[in-house]
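Each chain, letter by letter, is given below.
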Amino acid sequence: MKRLVLIVVAASTILSCMAIPKWYNLNTVRKYEDEKIVGIGQGTSRETAINNARDDMLQQITVRVETQIESYAIEIEEDGKNYYLETIQQSTKLTLDQTVQGMTVEMEKKEKDTWYMMVSISKKSFLNTLKNDLDLINSSLNVLIADADELLDQGKLVPSIQNYIDAQGLIVDLYAKKSLYDCFADKPYNTKEGVTVNSIDSSIRKALAAIRFDVVSGNNQNSKIGKQLESAIVFK
C-alpha cells in the first residue's frame, strides 16, 4: 500500500512539473539579462499572472537599486538622512511604476487552471529614457545653483534661497534616477562634481546666515502688553 502511495505521489509530481512551461525558470530569465529586464509569474487568471510577473520584475530591480541608494546615504549628513532617503525611495518607486507600464508580454501559456507569464522591458529603452531625464535634471540643477549663487552675491536673499530649495527637489530626482541608471548601465552617469545634498544644504545655511536686520527708527520704545507702540519700528 505504501509503495502504491509513493508511486501516485511521484507520478503527480512528474505530471505537475511537465505542466510547467520549459521557459518558466531562472535560466531562461538569465538569457535575457543583456538586453531586457524580465519577470515571471503565475496565477489562476491571465491578469493575476501578469501582475505577479510585473511584481517579480519590480522586486528584482528594487533589490539592486536599494544598495545603490544606501551608498548615497553615506554622503548625507545625519540630521537630514532619513528625510532624503525616504524621498529618494518614493521618487524611485514612482519612476519604476511609470516604467513598468511599458512592459511587454514575452511568453505566456495556460496549463489546466494556471496561467504562466513572462514580461519584460527593454534595457536599452529603459536606460535611454533615464539618460534623457537625467540630462534635463542635471542641466536644470546646474542653472538653478549658478543663478542662486549669483543672486546671493547680489544680496537678493529670498530668490537665492528659493533657487536652492528648488535645487533640493531636483537633486532628489537626480539621485533616484541615477541609482536606477547606474544599476543597469555599463558606466555610471556623470554629474557635476561637488553638487550634492550636503553642498546645497550648506549653500542655504550660508544664505540664511547672511540675513541681517538693522533698526532704522522706532527703537527703544515701551508699551503696555497688548498695546501698540507710538510709532512703527522700521528695519532694513
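These figures come from a predicted structure and were not determined experimentally. (Residues numbered from 1 in each chain as written. Predicted model: local features only at pLDDT ≥ 70, side-chain atom pairs only at ≥ 80, totals over all residues. Heavy atoms only, no water.)

**Q** Describe the pairing of strand β1 (residues 36–43), and please don't skip the residues or the numbers.
**A** For β1, the tally of buried residues reaches six of eight residues, placing the bulk of the element in the interior. Of the pairings in the sheet, the one linking β1 to strand β3 (residues 114–122) comprises eight bridges and is antiparallel in character. Within β3, the position partnered with Gly 41 by the bridge is Met 117. (Buried < 20%, exposed > 50% of the residue type's maximum accessible area, 1.4 Å probe, protein only. Helix = DSSP H or I, 4+ residues; strand = E, 2+ residues; numbered from the N terminus. Pairing = 2+ DSSP bridges.)

**Q** Outline the pairing of β3, listing residues and values.
**A** Of the strand pairs in this sheet, strand β2 (residues 104–111) and β3 are connected by seven bridges, and their pairing is antiparallel. Following the sheet pairing, Met 107 is matched in β3 by Met 118. Between β2 and β3, which pair antiparallel and follow one another directly, the connecting turn spans two residues, one of which, Lys 112, has a positive phi of 55°.

**Q** So what about the sheet that holds β1? Which residues, and what values?
**A** Strand order in the open sheet formed by three strands is β1-β3-β2, and the pairing between neighbours is antiparallel. The strands lining the two open edges of the sheet, one partner per strand, are β1 and β2. Within this sheet the neighbouring strands show an average axis-to-axis angle of 15°, counted without direction. The sheet strands contacting helix α5 (residues 123–153) are β1 and β3, and the helix crosses β3 at an angle near 45°. (Axes fitted to C-alpha atoms, helices over the stretch in contact; angles between N-to-C directions. Contact = heavy atoms within 4.5 Å.)

**Q** Any details on the packing of aromatic side chains? Residues and values, ideally.
**A** Under the counting rule described, the total for this entry stands at four aromatic pairs. Note on Trp 23 and Tyr 24: the rings are 6.0 Å apart at their centroids and 70° apart in plane angle, and the pair reads as edge-to-face. Assigned by exposure class, Trp 23 and Tyr 24 land together as buried. Judged by centre distance (5.8 Å) and plane angle (80°), the ring pair of Phe 126 and Phe 184 falls under edge-to-face. (Phe/Tyr/Trp six-rings, centres within 6.5 Å; stacked < 30°, edge-to-face > 60°.)

Take it as geometry only, folks, not as evidence of what the structure does.
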